[in-house]
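Below are the chains, spelled out letter by letter.
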Amino acid sequence: IPYDGKWSKTMVGFGPEDDHFVAELTYNYGVGEYRLGNDFLGLTLQSSQAVSNAKRLNWPLTQVKESLYMTEAPGGYLNVCKVSLAVSDLQRSVHYWSALLGMKVIEKNEDKKIALMGFSDNQCKLEFQDVGGAVDHGTAFGRIAFACPRDQDNIEALKKKEKQKILTPLVRLDTPGKATVEVVILADPDGHEICFVGDEAFRQLSAVDPKGNDLQSHHII
């Protein structure tokens, strides 16, 4: 996050981070607004409950096609299970994420210039959409994070060998009273930030707080 002030964050999802994709919502104190880019194209959720909740709360919904709705979250993000990212060169991005990061191509549509990729069939997928031009990250960009079994040093070594961008070389991050995690942060050819975290320590830090929902509701009210 390109801010040096105080911040708060909340992790939200449909289940524990150990086997679910979750979103990190970060609030930077003193920042009133962000300039949105075209880099993050949306989240696709398979949830009938989410649609019924939006209708019950009179949240604006646009029906894209049968059983598919699109809504806009606070701050202007679209939530339309996959994460969609914009790329400027689909073939280059597919090569980076498959040959250098080990993802497999699950689906690819040359006409629509879209590729669906993932590390496993039962995990959240990444969808890459060629936007035919430069990717603009605005000022509200985030990163995609993956937990891996202490393999960050090999990941970093491969990126150095291939002369790819490393934003944060392997570093140990201490959390007082909790586990110390090892992290390396990369950037793909379009500047999408990718964080690899040591799995063992991350499991300890990402344990579900049984009071999480109550705490969130208390602060929202």
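Procedures and definitions
Residues numbered from 1 in each chain as written. Predicted model: local features only at pLDDT ≥ 70, side-chain atom pairs only at ≥ 80, totals over all residues. Heavy atoms only, no water. UniProt positions renumbered as here; feature names shortened; annotations may be inferred. Buried < 20%, exposed > 50% of the residue type's maximum accessible area, 1.4 Å probe, protein only. Helix = DSSP H or I, 4+ residues; strand = E, 2+ residues; numbered from the N terminus. Polar contact = N/O pair within 3.5 Å; in protein donor to acceptor, adjacent residues only side chain to side chain. Pairing = 2+ DSSP bridges. Axes fitted to C-alpha atoms, helices over the stretch in contact; angles between N-to-C directions. Salt bridge = Lys/Arg side-chain N within 4 Å of Asp/Glu carboxyl O.

- You'll find the protein entered in an unreviewed UniProt entry as Glyoxalase domain containing 4, with Cyprinus carpio carpio given as the organism.
- Database annotation for the protein, UniProt heading Sequence similarities (unreviewed entry): "Belongs to the glyoxalase I family."

**Here we look at helix 2 (residues 90-100)**
Part 1: Buried within helix 2 we find Leu90, Ser93, Val94, Tyr96, Trp97 and Leu100.
Part 2: In this structure aspartate 89 caps helix 2, since a side-chain oxygen of it lies 3.2 Å from the backbone nitrogen of glutamine 91.
Part 3: A positive phi of about 90° marks glycine 102, the residue just after helix 2.

**Quick notes on the sheet that holds strand 14 (residues 193-198)**
Hydrogen bonding along the main chain pairs the strands of a sheet, whether they run parallel or antiparallel.
Part 1: Taken in spatial order, the four strands of this open sheet run 11-14-13-12, and their pairing is mixed. In the strand order of this sheet, the two ends are held by strand 11 (143-148) and strand 12 (166-173), each with one partner. Neighbour-to-neighbour, the strand axes of this sheet turn through a mean angle of 15°, independent of strand direction.
Part 2: By the bridge criterion, five bridges tie strand 12 to strand 13 (residues 181-187) in an arrangement that is antiparallel. When the bridges of strand 13 are listed, isoleucine 166 appears paired with leucine 186.

**A look at the pattern of salt bridges**
Part 1: Tallied over the entire structure, the rule returns eight salt bridges.
Part 2: A salt bridge links glutamate 156 to lysine 160; the nearest nitrogen and oxygen atoms lie 3.4 Å apart. A residue pair is termed a helical-turn pair when its members lie 3 or 4 positions apart in one helix, as glutamate 156 and lysine 160 do in helix 3 (residues 152-161) at four residues.
Part 3: Overall, the relative accessible area of 54% leaves lysine 160 in the exposed class.
Part 4: Across the salt bridge formed by arginine 172 and glutamate 182, the nearest N and O atoms sit 3.2 Å from each other. Of this pair, arginine 172 sits in strand 12 while glutamate 182 is found in strand 13, placing the two residues ten residues apart along the sequence.
Part 5: The class of arginine 172 is exposed, set by a relative accessible area of 54%.
Part 6: By relative accessible area, glutamate 182 is classed as buried at 15%.

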